Amino acid sequence: MTATTAVTVPAGSRALPRPAVEPLVITGGDVVSPAGIGFAALAGALRTGLGDPPGDAPFEDRPPIPLRPVPDLPVAAHLGSKRVNHLDRTTQLALVACHRALAGLDVPLDEADRTRTGVVLGTSTGSIRSSSEFSRETLVQDRPYLVRANLFPNSVMNCCTGQVAIWNQLRGVNATIAGGRLSGLNAVRYARNAIRQGHVDRVLVGGVEELCPQSAWGWHVTGALPPGAALGEACAVFMVERPAAAGAGGRTPRAELLACEVGTGVAPSATLAGCVARAVRRSGVTAGEIRTVSFGAVGGLGRLEERGVRVALGGLPARRVRVAEVVGETFSAGVAMQLAALLADPGTGGAALITSIGPDGNAGCLVVRPAAG
Amino acid sequence: MAEDGARRVVVTGLGAVSSLGTGAAAFTAAIRAGRTGIAPIRSFDPSGFPHVMAGEVADFAPERLVRRLDVTQWGRSSLFAASAARLAVRDAGLDPAVLAAARSGSAVGTTSGESAVIEQLTGQWVDKGLEDLDPALVRQVPASQISTAVNRELGLTGEAQTIATACSASNYALGYAFDMVRSGEADYMIGGGADSVNRWAHAGFYRLGALAKEVCRPFDAHRSGILTAEGGVALLLEPLDRALARGARIYAEILGYGVNCDALHPVAPDPGRIAECIRLAHRNAGIAPSDVDYICAHGTGTPTNDATEITAIREVFGDRLPPISSIKSMIGHTMGAASGFGALACCMALADGFLPPTATVVEVDPALGPGVDCVPGTARPARPRIAQNHGFAFGGNNAIVILRRMP
């Protein structure tokens, strides 16, 4: 801080407490993870672990850390199209998850609905394999421009979200959100605002992360994973809308999304505590009503995360879920996987808190609750 | 229109780090004069490329612009964003301690995030293998670092949103920042964008046949494509009542924005969907087409863009097209920062009374039809009241922001 003296708050900027949030409801969703495809597979893995030794990584140049790839991803079969070979893994993971989420809605979206439906996905780099390989071609080809033009769009970060829109004719706001491990929280905030301000009626919101040599080596050389921790990949997405819109559309709410708060600071534990306190207040729940916490980080950051929750709630909720211990670190998909884990296994009810803390000093949380009735 | 009870939002600070200079004043002076920021590429070795020009920020010296960040710890795009944000706060005459103590955050757009860092790592991969990647560089890779850098530099404790919707990303970011201030979620927001020149985009656009050799000439019959460029741009947004209370200079009011998606093709834009985005922006801003006095074009300099953009505008405006110009004729295509620079140019045009030029146009393409006034050469004195700022992108991500002059 440049100023340690007390700051005088000028007239007009007295900060009133932010109001309670308007709940949104989750009316659909799906997940593709190292546990397999769908919520049931994830629920099974949460109960008994991944079971069989995880499949081989989809590449050979790999560091000596445990990898948790998505097993068997017959993309063409899922999407009912063979036009998938030029798509990178980030996009393939998202297309399968989104396709299943849309197909699984109680009432499918019609054409008018699709014009008012957005896509908001968290991904911190897009497919880092695609951009790195495209960049590499400029160095290793006889001429630096001898790159494959049809692969150029894959190197741009919004490729995946744009493809989800194209494959599913979703013409509303289409946003790619880069928030590191907090990507899913930032995506929920973006989606909530887009709905609240009337830009769209509903959003397919989530996060995606692919396993690839570039990121696996990156995690390894930085030592950012705790010893023994695995690196995973996943995509989880959720259809989010206003309760009234869900009712009018004939879609049954599965859960309520309450407050989502994020912040930046140099003391992530304190930043998280502040976010949790604010989120609980803005959700209109009490600390005692939070029965479950779904943690994001493992290792040292995980301990900071626990401390932040303990400070804000006066203790830890009885039920603690750590999906990363099962599917591995999924970074940009982490928050989405934490939410997927709660939908896959809601436990005994009550409100739940999803927390996330990044190595960059960012922290935040999301409060969710089983749908009323 | 804004929801009932929503606050009016104004722009009170501008920051630019660009090929046309550092600071909004230097940038604007160059725009008004129709100068070019295009020069031979220096940030990478362009030998072997048939085209070797770009709009780079020559001699970028972040250590002279930022006050808090350790510049050795952050990538080029993050430093562009943080530098521009620091400049914007200074320009706003706002006490940094007041800003940091308030509910303040940032929303920053980008196309390729820390692409220059990724290219350094790619070089290490080629030379030595992935096992020898420099961990310090790896930590700089996530694009989330860009808005995080802004918050760290300014001590902001609110959210750090990095929005990666390619070449319309700054308009997305400005729209989100606008909504945060309008709805009371935040008291101050930095909105803007940042991107770095890189080999892979240069190669990609060349292979698409979309890269000009030396000059970017939007709307010209002899245009030949884009020139890649870089930089950082930041706008400080605050509620109108607060700006008035502190006696701030107000560049412009943000009236609203529209966003949608073509959902048709990864790279080919669609005029019908862009026309729809214009209508969405007008509705959100509460204006009619006849209210618009100037359009700051996406104007990349490719034949496809020009035809698509003008067709879309005709669909909404009929035969009475407002003047439309492209500042990419001077700074090139700064990718995720492009519509942020466009918004900055709109703010200055509204506040100072001029229309930014399409500096390089010689012969307006007759195929675009009658009535295309693209303000050739240098800036034109005028008193625009409402400006419409375009941003379109790969992935069909369209975003348009509407700004109004303060009386």
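Values in this document were obtained by computation on a predicted structure and should not be read as measured data.

Asker: Give a description of the packing of helix α3 (residues 89-103) of chain A against helix α6 (residues 159-168) of chain A that names residues and reports values.
Answerer: All names here are of chain A. Closest axis-to-axis distance for the α3/α6 pair is 9 Å, and the angle between their directions is 40°. Classed by the angle they form, the pair α3 and α6 counts as oblique. Relative to α6, α3 is oriented so that their crossing is right-handed. Where α3 abuts α6, its residues T90, T91, A94, L95, C98, H99 and L102 lie against C159, C160, Q163, V164, W167 and N168. Within the contact of α3 with α6, the residues separate by chemical class into 8 nonpolar, 5 polar and no charged.

Asker: Can you explain unusual backbone geometry? Please cite residues and give values.
Answerer: Unusually for a residue other than glycine, F331 of chain A sits at a positive phi of about 40°. Positionally, F331 of chain A belongs in the loop between α12 (324-327) and α13 (334-344). The exposure class assigned to F331 of chain A is buried, which follows from its relative accessible area of 13%. Look at D59 of chain B: it is not a glycine, yet its phi comes out positive at around 55°. Summarising the element assignment, D59 of chain B is placed in the loop between β4 (53-54) and α2 (76-91). When its relative accessible area of 63% is taken as the criterion, D59 of chain B is described as exposed.

Asker: I'd like a description of the side chain of D360 of chain A, backed by residues and values.
Answerer: Tracing the chain through its elements places D360 of chain A in the loop between β12 (351-357) and β13 (362-370). Buried charge without a salt bridge: D360 of chain A, with R152 of chain B as the nearest opposite-charge side chain at an N-O distance of 6.2 Å. A polar contact is formed between the side chain of D360 of chain A and the backbone nitrogen of N362 of chain A, at a distance of 3.1 Å. If near-sequence neighbours (up to four positions away) are discounted, D360 of chain A is found in contact with S144, Q145, T148 and R152 of chain B.

Asker: I'd like a description of the packing of aromatic side chains, backed by residues and values.
Answerer: Each aromatic ring pair is summarised here by two numbers: the centre-to-centre distance and the angle between the ring planes. All chains considered together, the criterion is met by 11 aromatic pairs over all chains. Seen in terms of ring centroids, F27 of chain B and F341 of chain B are 5.3 Å apart; in terms of plane orientation they differ by 25°. Their pairing is stacked. Taken as a pair, F27 of chain B in helix α1 (residues 24-33) and F341 of chain B in helix α13 (residues 338-352) lie far apart in primary sequence, 314 residues in all. The class for F341 of chain B is buried, based on a relative accessible area of 0%. Ring plane angle 65° and centroid distance 6.1 Å describe the contact between F44 of chain B and F49 of chain B, whose orientation is recorded as edge-to-face. In this structure an aromatic cluster arises from ring pairing among F134 and F152 of chain A together with F205 and F394 of chain B. The ring of W167 of chain A has R83 of chain A sitting right over it, with the charged end atom 5.0 Å from the ring centre. Positioned over the ring face of W125 of chain B is R136 of chain A, at 4.4 Å from the centre of the ring.

Asker: Please set out the pairing of strand β8 (residues 231-239) of chain B residue by residue, giving values where relevant.
Answerer: Residue and element names in this part refer to chain B. Of all 9 residues in β8, 9 are buried, a share of seventy percent or more. Looking at chain direction, strand β1 (residues 9-18) and β8 are connected through 8 bridges and run antiparallel. When the sheet's bridge partners are listed, A16 is paired in β8 with V233. Direction of pairing for strand β7 (residues 188-195) relative to β8: antiparallel, over a ladder of 7 bridges. From the neighbouring strand, G191 faces β8, where its bridge partner is L235.

Asker: Tell me about the confidence of the model for chain B, and name the residues and values.
Answerer: Of all residues in chain B, 99% have pLDDT values of 70 or greater, and the mean over the chain is 97. Complex prediction metrics read pTM 0.97 and ipTM 0.97.

Asker: Tell me about the confidence of the model for chain A, and name the residues and values.
Answerer: With 94% of its residues at a pLDDT of 70 or more, chain A shows a mean pLDDT of 93. Taken as a whole, residues 1-14 of chain A scores under 50 in pLDDT and shows 14 contacts with residues more than four places along the chain or in a different chain.

Asker: Tell me about the interface of chain A and chain B, residues and numbers included.
Answerer: How big an interface is tends to be stated in terms of accessible area lost as the parts join. Taken residue by residue, the interface counts 77 residues in chain A and 79 residues in chain B. Across the interface of chain A and chain B, roughly 6600 Å² is buried in total on both sides, 59% from carbon and sulfur atoms. When the buried surface of chain A facing chain B is broken down by residue, Y145, F152 and T264 of chain A rank first, second and third, together holding 10% of it. Seen at the junction of chain A and chain B, the total is 3 salt bridges. Between E185 of chain B and R282 of chain A there is a salt bridge whose closest N-O contact spans 2.6 Å. When residues of the side of chain A that touches chain B are traced back to their parent elements, those giving at least two are α5 (128-140), α6, β5 (174-178), α7 (183-196), α8 (213-222) and β9 (255-264) of chain A. The element that contributes the greatest number of residues to the side of chain A that touches chain B is α5 of chain A, accounting for 10 residues. Taken together, the residues of the side of chain A that touches chain B sort by class into 35 nonpolar, 32 polar and 10 charged. By the bridge criterion, 2 bridges tie β5 of chain A to strand β6 (residues 160-163) of chain B in an arrangement that is antiparallel. Residue pairing for β6 of chain B: A178 of chain A is matched across the bridge by T162 of chain B.

About the criteria used
Residues numbered from 1 in each chain as written. Chains lettered and ligands numbered in written order. Predicted model: local features only at pLDDT ≥ 70, side-chain atom pairs only at ≥ 80, totals over all residues. Heavy atoms only, no water. Axes fitted to C-alpha atoms, helices over the stretch in contact; angles between N-to-C directions. Helix = DSSP H or I, 4+ residues; strand = E, 2+ residues; numbered from the N terminus. Parallel < 35°, antiparallel > 145°, perpendicular 65-115°, else oblique. Left-handed = near helix turned anticlockwise from the far one by under 90°. Contact = heavy atoms within 4.5 Å. Nonpolar A, V, L, I, M, F, W, Y, C, P; charged D, E, K, R; others polar. Buried < 20%, exposed > 50% of the residue type's maximum accessible area, 1.4 Å probe, protein only. Lys, Arg positive; Asp, Glu negative; His and termini not counted. Salt bridge = Lys/Arg side-chain N within 4 Å of Asp/Glu carboxyl O. Polar contact = N/O pair within 3.5 Å; in protein donor to acceptor, adjacent residues only side chain to side chain. Phe/Tyr/Trp six-rings, centres within 6.5 Å; stacked < 30°, edge-to-face > 60°. Lys NZ or Arg CZ within 6 Å of the ring centre and 35° of its normal. Pairing = 2+ DSSP bridges. pLDDT = per-residue confidence, 0-100. Buried area = accessible area lost by both parts, 1.4 Å probe.

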